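Understanding the architecture of this molecule
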Amino acid sequence: SGPRLSGVTKAETTCNYCAVGCRFDLYGKDGEVLGVRPADEDATPANDFSTCVKGKFGYDFVNSPNRLTTPLIREGDEFREATWEEALDKVYEGLSKIREETGDDAIAVTSSSKCTNEENFLAQKFARQVLHTKHVDNCARLCHSSTVAGLQQTLGYGAMSNRINEDIGKTDCYLITGSNTTGSHPVLATRIKQNVDDGADLFVFDPRKIGLAEHATQYTQTKPGEDIAWINGMVRYIIENDLHDEAFIEERTKHFDELKEKVQPFTPEKVEELAGVPPEELTNAAETIAEADTCIFGWAMGMTQHAHGTRNVIALTNLALVTGNLGKPRAGVSPFRGQNNVQGGGGDMGPAPHTLPGYQDLSDDDVLDKFEDAWGVRPPDEIGLRLPEQYEAITEGHIKGMFIMGENPVLSEPDIREAENAIEELDFLVVQDIFLTETAEFADVVLPAASNAEKSGTFTNTERRVQRVRPAVEPPGEARTDSDILADLAGRFGFDWDYDGPVDVMDEINDLVPIYGGVTYDRLESTPEGLQWPCEDEDDPGTPFLYEDEFNFDDGKARFVPADYGGPVELPDEEYPLMLTSGRVLYHWHTGTMTRRVEVLMDHVPESFVTIHPEMADRLGVKDGEYVRVTSRRGDIVTKANVEETSDPGVVFIPMHFAHGAINELTQHALDPTSYIPEYKVTSVRIEPLGPD
Ligand code: SF4
């Protein structure tokens, strides 16, 4: 912790909401977080002095009287308070029984992108070394797994290629799609708006006229789930009109001819038919993007959460490559990652069933030898089940126990009634969290954890920048850091995790994860702006933008991968005539476990709602502010109508943050075959008015 003045602690830390990674000073006293103030300019590479409303006021959840303060053990339908000894013994017994009776792979571990890199490294180590299960995953599966899969196939690294301030803030042109940037990544959106004011072109392609569209050179309304059509159409138009970067394609890429052939069917007329994009808007955007010196291609879950999410990302990367917008400053591919540490904790640290930390191949014997030497146990070398598959496996009787650290699948999985039924069938569930979440309600043992305001470690933001996190207050009651809890549990299973704090965990990461080889705490202390991976050794200054000399393949060349057309899995019909899409609002975050406990944020948006176009509202007989029933093939919810003209009349929107009126009662389980991300973004529904309350 930082210096203390009259009992007040100042912690130079990183925001625990979105992955912009804003830095600020967090103040605390006597267990209470007091507030946030701007940090020194040197230490705020992503945000300068700014924060958004979540960064500024969102820390109040730390002070909530509902924080978990003691371990809980289920007795019948109730929980009783327990000592740590009792609770950890119970976890040891419960998990051991399943391993003995059914085998190691009958247990699945869920890690958390909200937690630090060090904690995520330990969570996957707990799964692979201590429990020896191959089933470890995290919620990145549900947000940007298709980004990672798409970028790895085309460019090599599953990450943003560029910086926020120096590149996104200074480019000549933007194509932003499937991202409500002003709501989800507000400080990053401010960079874009400032640069557009200074003359940059901004193209926004989105089914909803989101806030950023107000600042756009051109806003184009697209049909949900039809992105491959318009992106391939742009690529085709650029090639047909000789606007592509021939020298770049020749020197730095492979398979251009295959791409050229595959995009042939996507004429402007075909694109209009499939995606609803007027030909003049398609060609205007394509020409401006191709002629700009530099362009940033930005996206979020509107691109990724589809049954063809990986192909969406590949299509967009093809567009960046044909226009030569990689490997140079002020250009690049920019997935805007959602959670504070989803890049690091959810991706880089390897709590995923198909990859070891640092995206190392779990079928490579040299890699496995290295981990075995360090851990004394060889990690499982088979690919485990991805998160949505794990819930199927529970129903089929293959998975009998779960250890969930800091996630809330009962709200975040698609078709949550199914997920809830599956969770109920588990023989043994452990939830480690800061609140008694909707998921924790089902647990056999609940372990109270420290929040990010109460711990030390690192987060990696969306631009691959590793930054320090420091505590401003002590955890409440008997709550403990996730690392301490995991280490104690490992001890019960006979593994002596002798770490003297997160610095020691980072030492192990330095040894085992090449892209983090030079990211040491000593360097982070003396480099307040953090270090961007790959950073392979102590002399490596890190990598502000990727692919300057080569792409991350043995031959150094990027791959064009043709993106075959794919549309929505469910199309509207007579019974379910509307297309429902989902997203975030500025004042909330994910399943709302933290923001729904912050009064200032709840004052702005207190409950779930469905946004309906005025024409459609008229047709349905729905008035603004009335409650309506929204029904899909999976279930139904009651929520408030928000009549507003942001989309086509046939498209409605519900935010993802609420337990009552939860959108995932409606969404479907269709999965992308490469990344296994669910199709959250397009669901067919009907809406019926319920009349005034
Ligand atoms: Fe936090 Fe993101 Fe807001 Fe910055 S933009 S203050 S990182 S929520």
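These numbers come from a predicted model, not from an experiment. (Residues numbered from 1 in each chain as written. Predicted model: local features only at pLDDT ≥ 70, side-chain atom pairs only at ≥ 80, totals over all residues.)

1. Observations concerning the overall build of the protein
Counting secondary structure elements, the protein contains 23 helices and 27 strands. Computed over the C-alpha atoms, the radius of gyration of the protein is 24 Å, within 12% of the 26 Å expected from 2.2 N^0.38 for a compact globule of 693 residues. Taking the principal axes of the C-alpha coordinates as reference, the protein spans close to 70 × 65 × 55 Å. Taken over 693 residues, the protein has a buried fraction of 60%. Long-range contacts, defined here as pairs at least 24 residues apart, represent 74% of the contacts in the protein between residues at least 6 apart. (Helix = DSSP H or I, 4+ residues; strand = E, 2+ residues; numbered from the N terminus. Rg over C-alpha atoms; globule rule 2.2 N^0.38 Å. Buried ≥ 20, exposed ≤ 12 C-beta atoms within 10 Å, placed from the backbone. Contact = placed C-beta atoms within 7 Å.)

2. Side note on the site of the ligand
The environment of the ligand is made up of 14 residues, and the closest members are Cys15, Cys18, Cys22, Cys52 and Gly55. Residue assignment for the shell around the ligand shows that the elements contributing at least two residues are helix 1 (53-57) and helix 6 (186-197). Each residue belonging to the shell around the ligand can be placed in one class, and the counts come to eight nonpolar, five polar and one charged. (Near = placed C-beta within 6 Å. Nonpolar A, V, L, I, M, F, W, Y, C, P; charged D, E, K, R; others polar.)

3. Section: the confidence of the model for the protein
Per-chain confidence: the protein averages 92 in pLDDT, with 99% of residues scoring 70 or above. Confidence metrics for the complex model read pTM 0.93 and ipTM 0.99. (pLDDT = per-residue confidence, 0-100.)

4. Re the nonpolar core
Within the largest apolar cluster, 111 residues are counted, with the highest numbers of intra-cluster contacts made by Tyr174 and Met234. Excluding anything up to four places from it in sequence, methionine 234 contacts Leu282, Ala285, Ala286 and Leu319. Core analysis: the next-biggest nonpolar cluster, separate from the first, contains 93 residues, Cys115, Ile423, Met506 and Tyr516 among them. (Core = buried A, V, L, I, M, F, W, Y, C linked by C-beta atoms within 7 Å.)

5. Considering the sheet that holds strand 7 (residues 107-111)
Read from one edge to the other, the open sheet built from seven strands follows the order 6-5-17-16-15-7-8, with strand pairing classed as mixed. Pairing within the sheet leaves two strands with one partner each, and these edge strands are strand 6 (78-81) and strand 8 (136-138). Strand-to-strand twist in this sheet, taken as the mean axis angle between neighbours without regard to direction, amounts to 20°. In terms of strand pairing, strand 15 (residues 401-405) meets strand 16 (residues 428-433) through five bridges, oriented parallel. The partner of glycine 401 across the bridge, within strand 16, is phenylalanine 428. This element, helix 3 (residues 117-131), spans strand 7, strand 8 and strand 15 of the sheet and lies at about 170° to strand 7. (Pairing = 2+ DSSP bridges. Axes fitted to C-alpha atoms, helices over the stretch in contact; angles between N-to-C directions.)

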